Amino acid sequence: MSHDTHPQHPDIDDDMWKKIDEIIAANRDIPGSVITVLRQCQDIVGYMPVELVDYISYGLNLSRSEVYGVASFYALFSFEPKGRHLIRVCMGTACYVKGIKETVNRICNHFDLKEGGVTEDRRFSLEAVRCLGACGLAPVMVVDQDTYGAVKADKAIEILEKYK
Amino acid sequence: MNKVRTQLMLCGGTGCHANDSQAFHEALQKELERQGLAEEIKIIETGCNGFCAVGPVMLVQPEGIFYQKLRPEDAPHLVEEHFLKGRPVKKLLYVEPTSKETIPIMTKIPFFAHQMFWVMRNKGVIDPEVIDEYIARDGYFAVAKALKEMTPEQIIEEVKTSGLRGRGGAGFPTGLKWEFARRSPGEIKYVLCNADEGDPGAFMDRSVLEADPHAVLEGMIIAARAIDAHQGYIYARTEYPLAIRRLGIAIKQAREYGLLGTDILGSGFDFDIDIYQGAGAFVCGEETALMRSIEGRRGMPRPRPPFPAVKGLWEKPTVLNNVETLANIAQIILNGGQWYASVGTETSKGTKVFALSGDVNNIGLVEVPMGTSLRTIIYDIGGGIPNKKKFKAVQLGGPSGGCIPEQHLDTPVDYEAIAKVGAIMGSGGVIVMDENTCMVDMARFFMDFVQDESCGKCTPCREGTRRLLQLLEKICEGRGEPEDLDTLEQLSYTIKDTALCGLGQTGPNPVLSTLRYFRDEYEAHIYEKRCPAKRCVALLKFEVDEDLCTRCGVCFRSCPVEAITWKKKEVARIDKEKCIKCMTCFEKCRFGAIF
């Protein structure tokens, strides 16, 4: 059972709610599908507002604490909105040895950004991720869907200036 | 059918993708068409070739010529010279960094010549998205043999004879694991593949999945037959989109060919596989946590026994094997356990795939027979340390492993021998570190990782790793006290002895191994308030050594906040008021003059 009416939320429009309903309906009877549902819904909305967590728990007939417990356990789910462009810096060992720390420091200074935070104009959010498995390119930075290798501090700023 | 005279095996792994192999692919295709060669020369996109350092790479078959660092603008010249006139293009061939010799043939390049491809036998040779190519390389023959000619007991016996041990890190004998699960009573059983490759600096499983997904499926079908399971799951990292996509294609094709589903190959045996995407939690690499995660719960480990072979996923008997382990199975069934056991050491058989990275020339995937020395891997295959820097340590086993110094480089790759020198075989991440790496900072890095990934269920891991991290941070920031070293050691052993799962039991290893081999660095941080590798920012003075400074002005030009003053033929000076300690000048100065 889903709600008859959708909760109001500024970041979720009617189209998104429709897709969310479809995802819930498709997974309702599959045991253990909550992580899949959360992931697909986050792909649609961009993050995981509390209203959405509640809606999913209602739709899957699970308790809110259970769904919130799962969502808060996994690094993939974010309760905060993201910037227009997502910068993911690889904090794997190879990238660390090759100096990603210096690159991150420079990005933070340059854009007045914190690890895990968003710039005030919502242009960028910065996430440190565990190994991306592209150690041959270390240090690695991924902006939205584009992967960049050998990003020393200067190069990182140069690349990021292209994303408005 | 048209005769194809040449096949171009262009690497389509994650590394080469990021180096824009796609653009080169398009440029090359266009050029082949323009020259009217598109019918006789085919481009085939393969999985990860392994030599990621020089990507994008391409192998020309049947000649075996290896091209590297290919850019779209190279396509016209390459097609004209090589494919029209038959002259390989020298500037795109591999040059050995030490001897400066150009080596055109792939198998002669030292990086490949010292390797032995069993698990990665199909990498760069087949198109991973076409099942027929896998079958042409004897693919699924082992499934046919296992289902039609062997009893489950015989399969298990063969795997036991091979001596294959779990490649995920712990090294538990695979055949024994299967035997336990087979003997467990129950109608419903599961086979799981652990593709949640979480160790930072490890990318073997990703490459196997991208280059040869069917080999993993084949291993799972055989495992299922051995324990009599009918459903399997592959638990894959969500950070590996390409691997997940290729697995999806492989599963679909296998179903179409009757290799998955009901009545496989007419044998009456049913088995199917689904992919389950993780959501970013390192601890889910632990077997019981992984099963909780598939059940849609928080990925927290539980005490063992009961072992998963008795009570696993949904409380049913379950076998969980790592990607690389499963990729070995088909070969063992086809060639026999004796054949497999003929390579390796007394207790470790077969080959092992390593992800070689860090401060080493030839970054990439390396598969060597068990018993090969670390020195061979780093120097002969890896090509040594770049920029004439000195080797300091090699890190094996990720956050659960340890650092091995120069004096133990002749240690062979063998589960027991590596444990003896304070590291673990682990899943296969090998990270080389040069003299510029601070070992205290490395221990801090790993502890930061472990405490962040600790699931919080048991106190020793949740609280203990946080305290370890605080101590290490204190030392890196120059506030270390002499008694901290004893506390570090004591706390590490306590966590190892009392934590619930493998994460906590092995988490302190990076601290213990650096304390064992690099105690002098800890002492320099504590007693002299000095970081010998110049990596710990809080211990740096940001001053210029007048004797070492060559007055070149590079630091002046690179400073983003104009904190450095310099004039020609004068020593640079750093204004500490303006300096934001971003380390750019440290990176740029080639003379180590800033301290």
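Quick caveat, the model's predicted, so the values are computed rather than measured.

S.K.: What am I meant to see in the sheet that holds strand E1 (residues 85-90) of chain A here?
M.R.: Sheet strands line up and pair through hydrogen bonds in the backbone, either parallel or antiparallel. Residue and element names in this part refer to chain A. A sheet is described by the order of its strands in space; here 4 strands give the open sequence E2-E1-E3-E4, paired in mixed fashion. The outermost strands of the open sheet, each flanked by one partner alone, are strand E2 (124-129) and strand E4 (146-148). Here the strands of the sheet are splayed against their neighbours by 20 degrees on average, with no regard to which way each runs. The sheet contact formed by strand E3 (residues 141-143) and E4 spans 3 bridges and is antiparallel. Looking across to E4, one finds that valine 142 is bridged to threonine 147. Most of the contacts of helix H6 (residues 100-111) go to E1, to which it runs at about 155 degrees, and overall it touches E1, E2 and E3. Of the strands in this sheet, E1, E2, E3 and E4 touch helix H7 (residues 153-160), which is tilted by about 5 degrees from E3.

S.K.: Explain the interface of chain A and chain B to me, please; I cannot follow it from the model alone.
M.R.: On the chain B side, the residues contacting the 37 residues of chain A number 60 residues. When the two sides are added together, the surface that chain A and chain B hide from each other amounts to roughly 3800 Å², 56% of it contributed by carbon and sulfur. Applying the counting rule to chain A against chain B returns 5 salt bridges. In this structure, the salt-bridge partner of arginine 535 of chain B is glutamate 102 of chain A, at a minimum N-O distance of 4.0 Å. Our count for the contact surface shared by chain A and chain B stands at 17 residue pairs in polar contact (both at pLDDT 80 or more). Secondary structure elements with two or more residues in the side of chain A that touches chain B: helix H2 (34-45), helix H4 (64-73), helix H5 (93-97) and H6 of chain A. A per-class count over the side of chain A that touches chain B returns 18 nonpolar, 11 polar and 8 charged.

S.K.: What is the right way to look at the packing of aromatic side chains in this model?
M.R.: Both the distance between ring centres and the angle between the ring planes are used here to describe each pair of aromatic rings. Residues and elements named next belong to chain B. As enumerated under the stated definition, the model contains 21 aromatic pairs over all chains in all. With a centroid separation of 5.4 Å and 45 degrees between ring planes, the pair formed by tryptophan 118 and tyrosine 340 is classed as tilted. Note that tryptophan 118 is positioned in the loop between helix H4 (110-113) and helix H5 (131-136) and tyrosine 340 in helix H14 (residues 337-341), a separation of 222 residues in sequence. According to the relative accessible area criterion, tryptophan 118 is buried, its value standing at 12%. Under the relative-accessibility criterion, tyrosine 340 is labelled buried at 0%. Centre to centre, the rings of phenylalanine 445 and phenylalanine 446 are 5.2 Å apart; their planes meet at 70 degrees, and the pair counts as edge-to-face. For the pair phenylalanine 445 and phenylalanine 446, one class covers both residues: buried. Aromatic ring contacts, followed pair by pair, group Phe51, Phe66, Tyr94, Phe111 and Phe112 into a single cluster. The lysine or arginine in question, arginine 225, covers the ring of phenylalanine 269, its NZ or CZ lying 5.4 Å from the ring centre. Its end group placed over the ring of phenylalanine 354, lysine 352 keeps NZ or CZ at 5.6 Å from the ring centre.

S.K.: Please clarify how the packing of H2 of chain A against H4 of chain A should be interpreted in this entry.
M.R.: Any two packed helices are characterised by the angle at which their axes cross and by the distance between the axes. Residue and element names in this part refer to chain A. Interhelical geometry of H2 versus H4 gives an angle of 65 degrees and a closest axis separation of 10 Å. Classified by the angle between their axes, H2 and H4 sit roughly perpendicular to one another. Crossing angle aside, the handedness with which H2 passes H4 is right-handed. Across the interface between the two elements, Val34, Ile35 and Leu38 from H2 touch Val67, Val70 and Ala71 from H4. Grouping the constituent residues of the contact of H2 with H4 by class yields 6 nonpolar, no polar and no charged.

S.K.: Can you help me understand empty space enclosed by the protein in this one?
M.R.: The rolling of a water-molecule-sized probe over the atoms marks out the regions of remaining empty space. All names here are of chain B. On inspection of all chains with the given rule, the structure shows 5 cavities of 30 Å³ or more. What the largest cavity holds in volume is close to 80 Å³. Lining the largest cavity we find 13 residues, and of these Cys559, Cys579, Ile580, Cys582 and Cys585 sit closest to its centre. Tallied by class, the residues present in the lining of the largest cavity amount to 11 nonpolar, 1 polar and 1 charged.

S.K.: Looking at this model, I keep getting lost on the sheet that holds strand E3 (residues 58-61) of chain B. Mind explaining?
M.R.: Residue and element names in this part refer to chain B. Spatially, E2-E1-E3-E4 is the arrangement adopted by the 4 strands of the open sheet, whose pairing is mixed. Edge positions in the sheet fall to strand E2 (41-46) and strand E4 (65-67), since each of these pairs with one other strand and no more. The sheet shows a mean angle of 20 degrees between the axes of neighbouring strands, taken without regard to direction. Where strand E1 (residues 6-11) and E3 come together, 4 bridges link them in antiparallel fashion. The residue of E3 that forms the bridge with glutamine 7 is glutamine 61.

S.K.: Can you help me understand the domain arrangement of chain B in this one?
M.R.: The extent of an interface is frequently quoted as the accessible surface area lost upon association of the parts. All names here are of chain B. According to the domain assignment, chain B contains domain 1 (6-108), domain 2 (131-341), domain 3 (351-434), domain 4 (439-527) and domain 5 (540-595). With 9 residues of domain 1 at the interface, the matching set in domain 2 holds 7 residues. Taking both partners together, domain 1 and domain 2 bury about 550 Å²; carbon and sulfur atoms supply 51% of that area. Three residues stand out in domain 1 for area buried against domain 2, namely Thr14, Gly47 and Cys48, and they jointly supply 57% of the buried area on that side. Where domain 1 packs against domain 2, one counts 1 salt bridge. For arginine 246, the salt bridge is made with glutamate 45, and the minimal N-O distance between the two is 3.9 Å. Linking domain 1 to domain 2 there are 0 residue pairs in polar contact (both at pLDDT 80 or more). For the side of domain 1 that touches domain 2, the residue count by class is 2 nonpolar, 6 polar and 1 charged.

S.K.: Just to check I follow, could you spell out the pairing of strand E15 (residues 429-434) of chain B for this structure?
M.R.: Looking along a regular strand, one sees side chains alternate from face to face of the sheet. Residues and elements named next belong to chain B. When you tally the buried positions in E15, you get 6 out of 6 residues, the bulk of the element. Side chains Gly429, Ile431 and Met433 project from E15 onto one buried face, and the interleaved Val430, Val432 and Asp434 project onto a second face that is buried too. As paired elements, strand E11 (residues 351-358) and E15 share 4 bridges and run parallel to each other. For leucine 356, the partnering residue across the bridge sits in E15 and is valine 430.

S.K.: What am I meant to see in the domain arrangement of chain A here?
M.R.: According to the domain assignment, chain A consists of domain 1 (14-73) and domain 2 (85-160). Placing the centre of domain 1 of chain A and that of domain 2 of chain A at their C-alpha centroids yields a distance of 29 Å.

S.K.: Where do I start with helix H9 (residues 204-211) of chain B in this structure?
M.R.: It helps to recall that an α-helix has 3.6 residues per turn; residues three or four apart then point in one direction. In terms of burial, H9 of chain B is largely enclosed, as 8 of its 8 residues are buried. Regarding H9 of chain B, the residues found buried are Met204, Asp205, Arg206, Ser207, Val208, Leu209, Glu210 and Ala211 of chain B.

Basis of the calculations
- Residues numbered from 1 in each chain as written.
- Chains lettered and ligands numbered in written order.
- Predicted model: local features only at pLDDT ≥ 70, side-chain atom pairs only at ≥ 80, totals over all residues.
- Heavy atoms only, no water.
- Pairing = 2+ DSSP bridges.
- Helix = DSSP H or I, 4+ residues; strand = E, 2+ residues; numbered from the N terminus.
- Axes fitted to C-alpha atoms, helices over the stretch in contact; angles between N-to-C directions.
- Contact = heavy atoms within 4.5 Å.
- Buried area = accessible area lost by both parts, 1.4 Å probe.
- Salt bridge = Lys/Arg side-chain N within 4 Å of Asp/Glu carboxyl O.
- Polar contact = N/O pair within 3.5 Å; in protein donor to acceptor, adjacent residues only side chain to side chain.
- Nonpolar A, V, L, I, M, F, W, Y, C, P; charged D, E, K, R; others polar.
- Phe/Tyr/Trp six-rings, centres within 6.5 Å; stacked < 30°, edge-to-face > 60°.
- Buried < 20%, exposed > 50% of the residue type's maximum accessible area, 1.4 Å probe, protein only.
- Lys NZ or Arg CZ within 6 Å of the ring centre and 35° of its normal.
- Parallel < 35°, antiparallel > 145°, perpendicular 65-115°, else oblique.
- Left-handed = near helix turned anticlockwise from the far one by under 90°.
- 1 Å grid on protein atoms, 1.4 Å probe; cavity = no way out; pocket = protein on both sides within 12 Å on 5 of 7 lines; lining within 4 Å.
- Points joined across faces, edges and corners; volume = space filled by probe spheres on them.
- Domains from an automatic or database assignment.

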